Amino acid sequence: MADVIKLLPESLANQIAAGEVVQRPASVVKELLENAIDAKATHIKLIIKEAGKSWIQVIDNGSGMSETDARMSFERHATSKISKTGDLFTIMTMGFRGEALASIAAVAQIEMKTRKESDETGTLIQIEGSQTLQIEPSQCAKGTSITVKNLFFNVPARRNFLKNISVEFAHIQDEFFRIALAHPDINFNLINNNDEIYQLAAGKLAQRIQAIFGVSYKGQLSACQEETPYLKIKGYIGKPNCAKRKRGEQFFFANKRFIKHPLLHFAVKECFESLIDPAEHPFYVLFLEIDPKHIDINVHPTKTEIKFDDERTVFQIVNAAVRKALANANLNAIDFSENVNNEMFAHFSSPSRATASTAQNNTFSANNYEKKPTQNWQQLYQNIANNNTQNTQMDTQEKIELKFASNFDNIHNIEMSELKAEHNLIFQIHNSFIVTQTKAGMMIIDQQAAHERVLYDKFSKTIESKFGASQQFLFPLNITLSPSDFDLIQDLKLQIHALGFSFSVCDKNTIIINGIPAEVRAGTEKALFEGFIAQFKENKEALKLPTNENLARSLSKRLAIKKGNKLSMQEMQNLLEQLLSSPNPSYAPDGTYTIVSFDVQKLQDLFQ
Ligand code: ADP
Ligand code: MG
């Protein structure tokens, strides 16, 4: 029998490859925008018609191409971006496969005009289904304009598979947003059926977020920044009240390339656990910068999945950085004229409520109660490191210590040193709120919510460590309980001990309490204990909290200093110091605000 194996004709091979690269109009948009970015354009215009089905045009003012390069660019595996295997591991450009233009040209009608700055005339190329129809010199602007018409004109099955206009448009918009967010320093325009729907001026990331998602994000973002030798993180997270039920406003970028990474999404979401409804998703735009040798972006042709060589460490750093940003969220706001890494200003935040939670028990939970604020974040990292040593192959402890040589200023320290310096600038109003001056303005602290947060941090820590200090009674206290409460307390005996109550069983349904947590005021012991148990049962019913979290929350709720109680200067200072050294100072455990701050400008605005 004759030999049967033949090489595929070039156009057919390209068409097959196109199946991988070009799934829908949005894939073309992504490839063309990325090429414009790689060409160092500063203005990029995207024009589409019928959600890209009939027309996708990208005009850039980038490097442009010579006539030969323009021809070559449509060859498969033709790229100016890598030339040897080693380059694959140091890729910093968006493209590198050299197959996008060849694939697109295999399934559409293309017209490209391109000119290098140094050339007087440019080149016009027309290609249809991989067949070059025309190449000629052309007068055109510096840069490249490439138009992709009638996508899948020669592959009816694919064309028929496209979804309706609104779905395809949404995909295009997603790609456009991802690229525009990753490059706030580039001007972008999006024109859809002759309407200019986005005109994004070059600027700072915070401005770009606002330009894309709306001005309502102003004041709702918290800067997230962390630098370690392995990984840098920069970007913003939205405050808990911008969380949405619908997904879609979560962006991770690795070296400016949008990535999807469920584990990292979880690393962020976990930080919001007790602050947002479990059905909601936090807003974030986070950029990871990592040496390309630590990542493999080659795992999928559409390049949104990537692998890190040390996923666990990336998880930990992201998780810790987001916690820190959240902790700062209510104390800071973004000045939209500043960049992420510049000094931030205190702000006015509207006292809306974050949703109460049904949080799960949290492996990396930041239950560090540490009086010295300077150690707070180190402690948090320490804790995270400790939590993970069991199943890490490397010496995580050592690595983490090295990595968390953080250069991030702890805003809490700044605030505290000022507060201490200005004793007389702390006072209480209506025996309920503490008012104090801050660097940028003032803040009002809800004493009850603040104390609940401080106690909660402490109790969640002692309950995990199974060791809590208790204050022994001279005269033990007898409490008779209902049979069901009695059983409940027996079941929770270990945890209740850890919270600081020592008791023994005296008789059926009666216990003797010998010791109580140090914070319990004399004369309130019995009422407090009963209230604590009642609160626990109520939370269990209503919030379905995990047992330990419920215990810590119930006790802090019952024990917290209530509104209406006068506080001494010392008490106010202690409370503030403890609150500001919490990993999560801005919210009470139930998600309500502890602090509302106003900057001087906002105060001024109130008078106009
Ligand atoms: P890749 O981007 O992976 O290299 P493409 O098929 O997307 O592959 O592009 C092939 C080559 O064409 C690129 O390497 C680049 O040299 C050139 N090119 C494509 N688009 C542009 C553009 N907008 N401006 C300048 N050069 C471009
Ligand atoms: Mg490309």
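See the structure printed just above.
Residues numbered from 1 in each chain as written. Chains lettered and ligands numbered in written order. Predicted model: local features only at pLDDT ≥ 70, side-chain atom pairs only at ≥ 80, totals over all residues. Heavy atoms only, no water.

Novice: Please set out the pairing of strand S7 (residues 187-192) residue by residue, giving values where relevant.
Specialist: Along S7, six of the six residues are buried, which leaves the element largely enclosed by surrounding structure. Burial along S7 is two-sided: the face carrying Asn-187, Asn-189 and Ile-191 and the face carrying Phe-188, Leu-190 and Asn-192 are both buried. (Buried < 20%, exposed > 50% of the residue type's maximum accessible area, 1.4 Å probe, protein only. Helix = DSSP H or I, 4+ residues; strand = E, 2+ residues; numbered from the N terminus.)

Novice: How would you sum up the packing of aromatic side chains? Please name residues and give values.
Specialist: This model, assessed by the stated rule, comprises 19 aromatic pairs. Ring geometry for Phe-213 against Tyr-217: centres 6.0 Å apart, planes inclined by 55°, an arrangement best described as tilted. Given a relative accessible area of 3%, Tyr-217 falls into the buried group. Ring geometry for Phe-501 against Phe-532: centres 5.6 Å apart, planes inclined by 10°, an arrangement best described as stacked. With a gap of 31 residues between them, Phe-501 in the loop between helix H15 (493-498) and strand S20 (502-507) and Phe-532 in helix H16 (residues 525-543) connect regions that are remote in the sequence. Both residues of the pair, Phe-501 and Phe-532, belong to the buried class. Of the aromatic side chains, those joined through ring pairs into one cluster are Phe-176, Phe-177, Phe-188, Tyr-198, Phe-213, Tyr-217, Phe-251, Phe-253, Phe-258, Phe-283 and Phe-287. One cation-aromatic arrangement involves Lys-49 over Trp-55; the distance from NZ or CZ to the ring centre is 4.4 Å. Sitting above the plane of the Phe-258 ring, Arg-178 keeps its charged end 3.9 Å from the centroid. (Phe/Tyr/Trp six-rings, centres within 6.5 Å; stacked < 30°, edge-to-face > 60°. Lys NZ or Arg CZ within 6 Å of the ring centre and 35° of its normal.)

Novice: Account for the pairing of strand S17 (residues 433-437), with residues named and values stated.
Specialist: Two elements, strand S16 (residues 426-429) and S17, share four bridges in a ladder whose sense is antiparallel. Bridge pairing in S17 places Ile-426 opposite Thr-436. Linking S16 to S17, which pair antiparallel, is a turn of three residues; within it His-430 sits at a positive phi near 50°. Taken together, the five bridges between S17 and strand S18 (residues 441-446) define a ladder with antiparallel strand orientation. (Pairing = 2+ DSSP bridges.)

Novice: Got a sec to walk through the packing of helix H2 (residues 25-38) against helix H6 (residues 165-182)? Specific residues and values, please.
Specialist: The geometry of H2 relative to H6 is characterised by a closest axis approach of 8 Å and an angle of 20° between their N-to-C directions. By the criterion of interaxial angle, the relationship of H2 to H6 is roughly parallel. Helix-helix and strand crossings are classified by hand; for H2 and H6 the assignment is right-handed. Only Glu-168, His-171, Ile-172, Glu-175, Phe-176 and Ile-179 of H6 make contact with H2, whose side of the interface consists of Pro-25, Ala-26, Val-29, Lys-30, Leu-33, Glu-34 and Ile-37. Across the contact of H2 with H6, the residue classes break down as eight nonpolar, one polar and four charged. (Axes fitted to C-alpha atoms, helices over the stretch in contact; angles between N-to-C directions. Parallel < 35°, antiparallel > 145°, perpendicular 65-115°, else oblique. Left-handed = near helix turned anticlockwise from the far one by under 90°. Contact = heavy atoms within 4.5 Å. Nonpolar A, V, L, I, M, F, W, Y, C, P; charged D, E, K, R; others polar.)

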